[in-house]
Amino acid sequence: MASPPVAVVCIGMAGSGKTTFVQRINAHLHTAGTPPYVLNLDPAVTRVPFDANIDIRDSVNYKEVMKQYKLGPNGGILTSLNLFATKIDQVLGILEKRCLPPELQSTTTAGDVSAKTPAPPAPGKLPQHILLDTPGQIEVFVWSASGSILLSSLASSFPTVLAYIIDTPRTVSSTNTFMSNMLYALSILYKTKLPMILVFNKTDVKSEDQAVEWMRDFESFQSALRKEEEEAEMRGGSGGYMHGLVNSMSLVLEEFYNQLSVVGVSSMTGAGVDNFFEAVQAKKEEFQKEYAPELQRRREELTQERAGHREREVERLMGDMNVDVSEANRQSRSMAGKRKKEEPETVSDAEAMSDEDEESGGLVDPDDDDDEDGGEDGGLTKRYQQALRDGGAGAPSAEDASFAKPEAKTTMTKQQEMQILKLRVLVTK
Ligand SMILES: Nc1nc2c(ncn2[C@@H]2O[C@H](COP(=O)(O)OP(=O)(O)OP(=O)(O)O)[C@@H](O)[C@H]2O)c(=O)[nH]1
């Protein structure tokens, strides 16, 4: 059976070597005869040293955004990402078309987001990897709403793996820097809940051995910490509370380290790239085994929650209007069974939908509803008439009945008319 490509999202501190790394693994895959599909999500980069199939800069002009909204560099990046996130359905449409075999494609269609690949590749030549380069301002991407939307949307369509790029020479320079970097990676892991690979980059300058030893051997990290403390004391200072804090942190990070794959890579020389792709394969399997079922579980939970919410609200409304609740519910359920269920496509959709429910108290505005019977007005009238024809407990009481009669319509105010229409539609939903 055809397998979807794995999306590798490269994140890391500014200057850690993300872009150079993407360039290296892109070249590696081209040489191996399996060219990836590449996305650049950094709107502020001036030169991209690889050929990006989708480039945020083609859709959003970062400098113009800064000028128009009177923003600084970080605000400009954030707003550009927000603007790009509004096109996520088009981006996913393009990705699905270019990277998925027809049997795995959904119905999403591509719009005006620029994709440079001219035509869908032949089935045997579908990319096995989707590579994403992200802005250097890591917090702007990871902690923004648009970053979450982009990541969760991607993860709902493709197995998605984070590659956290680390500047090795800088990170192993002290236990403090190492710990800060690990805590940052930890926060991203828990925020995104996606499988993560720690990529110790620039190993041509400094090997990753030291960092790996600190992760795997607690004693080794403790002795490095003690050594630094002694050196600080010799200089007349002291490690102060920081050393105590780092010491305690190292005790609790063992579990976190166990969840990660660690590879040393040189984006300059290409050393370690094969190991990186082995780690990607392992994390792809982990994603399919653990993340995907969790995503599905959350979707189902939200759908059920939403249905329950709607039912309770209908009950309350029917009660207010003095209408037989059980009959109204029966009708409501039978109509709902016929209607195509509206389902969240992504985690963020699902969250947004649940937010909507909370805001509106579970009520669905019938005016927003897609109409299945032709035009909106026609659909409302039809449902209204149908509800009246059905009569029974779902029908208006004797006093209400006059509302239904065309001749009596003139006696109603516009507001009353709308209220009853909305109520009827709600009952038949
Ligand atoms: N020696 C060495 N230098 C590297 C390596 N990878 C990247 N660099 C250098 O590190 C610097 C930063 O690399 P970039 O790829 O621009 O880093 P980035 O993380 O994309 O930077 P931002 O776009 O600012 O976030 C450049 O000078 C690269 O040449 C490597 O493996 N070895």
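Bear in mind that the values here come from a model prediction, so they are computed numbers and not experimental data.

### Notes on the nonpolar core
Phase 1: By size, the foremost hydrophobic cluster in this structure holds 74 residues, and its most contacted members are Val8, Ala163, Tyr164, Ile197 and Val199.
Phase 2: Excluding anything up to four places from it in sequence, Val8 contacts His129, Leu131, Leu132, Val161, Ala163 and Val280.

### With respect to the pairing of strand β5 (residues 160–167)
Phase 1: Across the eight residues of β5, eight count as buried, placing the element largely inside the fold.
Phase 2: Side-chain alternation along β5 places Thr160, Leu162, Tyr164 and Ile166 on one buried face and Val161, Ala163, Ile165 and Asp167 on a second face that is also buried.
Phase 3: Here six bridges tie strand β1 (residues 6–12) to β5, and the two strands are oriented parallel to one another. The residue of β5 that forms the bridge with Val8 is Val161.
Phase 4: Sheet topology places β5 next to strand β6 (residues 196–201); six bridges connect them, and they run parallel. Bridging from a neighbouring strand, Asp167 pairs with Asn201 of β6.

### Quick word on the site of the ligand
Phase 1: Near the ligand there are 17 residues, and of these Gly17, Thr19, Thr20, Gly136 and Ser267 occur at the shortest range.
Phase 2: Among the elements that line the shell around the ligand, the one with the most residues is helix α1 (residues 18–31), at three residues.
Phase 3: Of the residues belonging to the shell around the ligand, the class tally is four nonpolar, ten polar and three charged.

### As for the packing of helix α4 (residues 73–85) against helix α7 (residues 145–157)
Phase 1: Taken N-terminus to C-terminus, the directions of α4 and α7 make an angle of 40°; their axes are 8 Å apart at the nearest point. When the interaxial angle is binned, α4 and α7 end up oblique. Pair α4 / α7 crosses with left-handed handedness. Contacts between α4 and α7 involve Leu81, Asn82 and Ala85 from the first element and Ser146, Gly147, Ile149 and Leu150 from the second.

### Digging into unusual backbone geometry
Phase 1: The backbone phi angle of Lys70 is positive, close to 50°, even though this residue is not glycine.
Phase 2: The exposure class assigned to Lys70 is exposed, which follows from the 8 C-beta atoms found within 10 Å.
Phase 3: Of note in this structure, Lys193 is not a glycine but carries a positive phi near 60°.
Phase 4: Here Lys193 lies in the loop between α9 (175–192) and β6.
Phase 5: Overall, the presence of 16 C-beta atoms within 10 Å leaves Lys193 in the partly exposed class.

### Remarks on the sheet that holds β5
Phase 1: Pairing is parallel in the open sheet, where seven strands are placed in the order β3-β2-β4-β1-β5-β6-β7. A strand with exactly one partner marks an edge of an open sheet, and here the two such strands are β3 (54–55) and β7 (261–264).
Phase 2: Here strand β2 (residues 37–40) pairs with strand β4 (residues 129–133) via four bridges, running parallel. Within β4, the position partnered with Val38 by the bridge is Leu131.
Phase 3: Each of β1, β2, β4, β5 and β6 touches α1; the most contacted strand, β4, lies at about 160° to it.
Phase 4: Across the sheet, α9 is in contact with β1, β5 and β6; its angle to β5 comes to roughly 165°.

### Notes on the environment of Ala224
Phase 1: Of note, Ala224 is situated in helix α11 (residues 218–234).
Phase 2: The residues touching Ala224, leaving out its near neighbours within four places in the chain, are Thr175 and Trp214.

### Describing the confidence of the model for the chain
Phase 1: Of the residues in the chain, 69% reach a pLDDT of 70 or more, and the chain-wide mean stands at 77.
Phase 2: Scored below 50 in pLDDT, residues 108–112 shows 13 contacts in the model against residues more than four places distant or in partner chains.
Phase 3: Predicted as a complex, the structure gets a pTM of 0.70 and an ipTM equal to 0.97.

Reading the values: the criteria
Residues numbered from 1 in each chain as written. Predicted model: local features only at pLDDT ≥ 70, side-chain atom pairs only at ≥ 80, totals over all residues. Core = buried A, V, L, I, M, F, W, Y, C linked by C-beta atoms within 7 Å. Buried ≥ 20, exposed ≤ 12 C-beta atoms within 10 Å, placed from the backbone. Contact = placed C-beta atoms within 7 Å. Helix = DSSP H or I, 4+ residues; strand = E, 2+ residues; numbered from the N terminus. Pairing = 2+ DSSP bridges. Near = placed C-beta within 6 Å. Nonpolar A, V, L, I, M, F, W, Y, C, P; charged D, E, K, R; others polar. Axes fitted to C-alpha atoms, helices over the stretch in contact; angles between N-to-C directions. Parallel < 35°, antiparallel > 145°, perpendicular 65-115°, else oblique. Left-handed = near helix turned anticlockwise from the far one by under 90°. pLDDT = per-residue confidence, 0-100.

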